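# Descriptive analysis of the structure
Here are the chains, one letter per residue:
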Amino acid sequence: MLMGLGLIMLVLLLLGFPMMVPLAAGTLYMMFTGMTFFGPDQAVSWMISGVGSWVLAAVPMFIFAADILTKGHTANRLLDVVDAFTRHLRGGLPITTAASCALFGAVSGSTQATVVAMGGPMRPRLLKKGYSDDFTLALIINASDIALLIPPSIGFIIYGVAMQTSIGDLFLAGILPGLLILALFALYCWIDSRIKGIDPEPKASWGERARALKRVILPMGFPLLVVGGIYGGFFSAVEASAVAVAYALLLEVVIYRQVSIRDLGSIALSTGLITAVVFILVAIGAAFSQALATAGVPNQILGPLIDSIGDNQFLALLLIAAAFFVGCMFVDPIVVILILVPIFKPLVQSAGLDPIHVGVIVTLQAAIGSATPPFGCDIFTAIAVFRRPYIDVIRGTPPFIVILLLATLILIAFPEISLLLPSLGGD
């Protein structure tokens, strides 16, 4: 029966059905074949419980804020300030792209919004400078995934709900790992530019830098409001998401006037469509996960392996990272988090792992999976935005995937990188 379950879901995926269809089909297969015993009412109850957490209300709010910023002028201001300080370096333009993606992630929390907002203006500049399209596309989609680690992060919200741990601590824990990945990307861009012999651009004057900094002061209020507000005790994660929307409206509608009141209808519609997809995945993913647990599938597959690991934290983290990395290569990261987090929760507890540190490792694998063939969601975003064939988008990704896997090993070996800021915030 287990083989039949896997075969049905694989066939539906290969036929091109959206992820919600294989999940629903898998749940129905377990119900009607007797793999476990539950009725339609129980499946519906699991789905409702899956989306019943109040914390999930932050997801559409952060998506809405990201959509407003993408439509407006914030992205260009972030690009300008990074460009003013890095363009004179060897590999300055690629470094500007990576750093701007990290900054936009700090105000949007969305990888796909970052691909659109940063990729649009930076791709022509990189191509004009002499960088190949393969390198350019791979840099944009992989650097955009830093947005999953820099708060606010939708990935952290989903993980926090599944693991029942602090969203605020997760937000803080992602900052240093995100900066580590940015530094590794910058080093690679510097080496690649030296090998290719691409000269840097003229150095910006201090006057230009001062003007760029002045223009970015207000947009950088986003991470201060979200993280500072939560840890200052001014509001919860959900309330922080509402504040983010209000601040985005203030910037783009009132101050910069790049978004009109008329635009808000189409932006809200886009947000609604994305939110609907996310919540359907969350609901069906929760039902599928509960059905798997009821059928005892996790114990059949992973039980002996988990028992052999015992309390070895390093091996436990390697197993968790490997499972999420492979899963996110094929399935939407949100679904993987919802299904695998409950499965690995007993291992996290028995090995004495910090759930915040595990959350960083898991979310990093979701970031890698977002840009990893065959089904990374940012790959298909880039295909739609830049109108390039699939093979062109993925051709340059291997070096960046290697860098991200190296970052995973560093974070596993040195958990202090993830836990330093949460420990300071908790004092």
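Here the structure is a predicted model, which is why all the values come from computation and not from measurement.

The rules behind the values
- Residues numbered from 1 in each chain as written.
- Predicted model: local features only at pLDDT ≥ 70, side-chain atom pairs only at ≥ 80, totals over all residues.
- Heavy atoms only, no water.
- Helix = DSSP H or I, 4+ residues; strand = E, 2+ residues; numbered from the N terminus.
- Buried < 20%, exposed > 50% of the residue type's maximum accessible area, 1.4 Å probe, protein only.
- Contact = heavy atoms within 4.5 Å.
- Core = buried A, V, L, I, M, F, W, Y, C linked by side-chain atoms within 4.5 Å.
- Salt bridge = Lys/Arg side-chain N within 4 Å of Asp/Glu carboxyl O.
- Phe/Tyr/Trp six-rings, centres within 6.5 Å; stacked < 30°, edge-to-face > 60°.
- Lys NZ or Arg CZ within 6 Å of the ring centre and 35° of its normal.
- pLDDT = per-residue confidence, 0-100.

Along its length, the protein carries 23 helices and zero strands. Counting only C-alpha atoms and orienting by the principal axes, one finds that the protein spans roughly 70 × 50 × 50 Å. Expressed as a percentage of its 427 residues, the buried residues of the protein come to 55%. Contacts spanning at least 24 positions in sequence make up 79% of the contacts within the protein whose residues lie at least 6 apart.

Moving on, we get to the environment of P373. Along the chain, P373 turns up in the loop between α19 (355-370) and α20 (377-386). Given the relative accessible area of 21%, P373 is considered partly exposed. In sequence terms P373 and F330 are 43 residues apart; their C-alpha atoms lie 7.8 Å from each other. Other than its neighbours up to four places away in sequence, P373 contacts M329, I379, Y390, I394, T397 and I401.

Time to look at the nonpolar core. In terms of nonpolar packing, the biggest core is built from 143 residues, with L23, F104, I158, F185, I320, F324 and F344 touching the most fellow members. Counting 10 residues, the second-largest nonpolar core is a separate cluster that includes I140, A382, F386 and V393.

Under the criterion given, the structure shown has 11 salt bridges. D80 is paired through a salt bridge with R215; the nearest N and O atoms lie 3.4 Å apart. Of the two residues, D80 is situated in helix α5 (residues 74-86) and R215 in helix α12 (residues 206-216); the sequence distance between them amounts to 135 residues. What makes R215 partly exposed here is its relative accessible area of 29%.

A full pass over the atoms with the stated rule returns nine aromatic pairs. Plain terms: the ring middles of F85 and W206 are 6.4 Å apart, the flat faces sit at 75° to each other, and that makes the pair edge-to-face. Of this pair, F85 sits in helix α5 while W206 sits in helix α12, placing them 121 residues apart in sequence. Exposure remark for W206: the relative accessible area of 62% places this residue in the exposed category. Each ring, one from F135 and one from Y188, has its centre 6.4 Å from the other, and the planes form 35°; the classification is tilted. Residue F135 is located in helix α8 (residues 133-144), and its partner Y188 is located in helix α11 (residues 175-196); the two are separated by 53 residues in the primary sequence. When its relative accessible area of 5% is taken as the criterion, F135 is described as buried. For Y188, a relative accessible area of 22% gives the class partly exposed. A connected cluster of aromatic rings, assembled from ring pairs, spans Y131, F135, F185, Y188 and F400. Positioned over the ring face of F135 is K196, at 4.4 Å from the centre of the ring.

On to the confidence of the model for the protein, then. For the protein, the average pLDDT comes to 86, and 99% of its residues sit at 70 or higher. The spread of mean pLDDT over the elements of the protein runs between helix α16 (residues 297-309), the lowest at 73, and helix α22 (residues 398-413), the highest at 94.

Summarising the element assignment, S289 is placed in helix α15 (residues 263-295). The exposure class of S289 is buried, given its relative accessible area of 9%. Discounting residues that sit within four places of it in the chain, S289 has contacts with L338, I339 and P342.

Our next topic: the environment of G229. You can see G229 is positioned in helix α13 (residues 221-231). In this structure the C-alpha to C-alpha distance between G229 and V243, which are 14 residues apart in sequence, comes to 9.5 Å. Setting aside anything within four residues of it in sequence, one finds G229 in contact with L224, F234 and F235.

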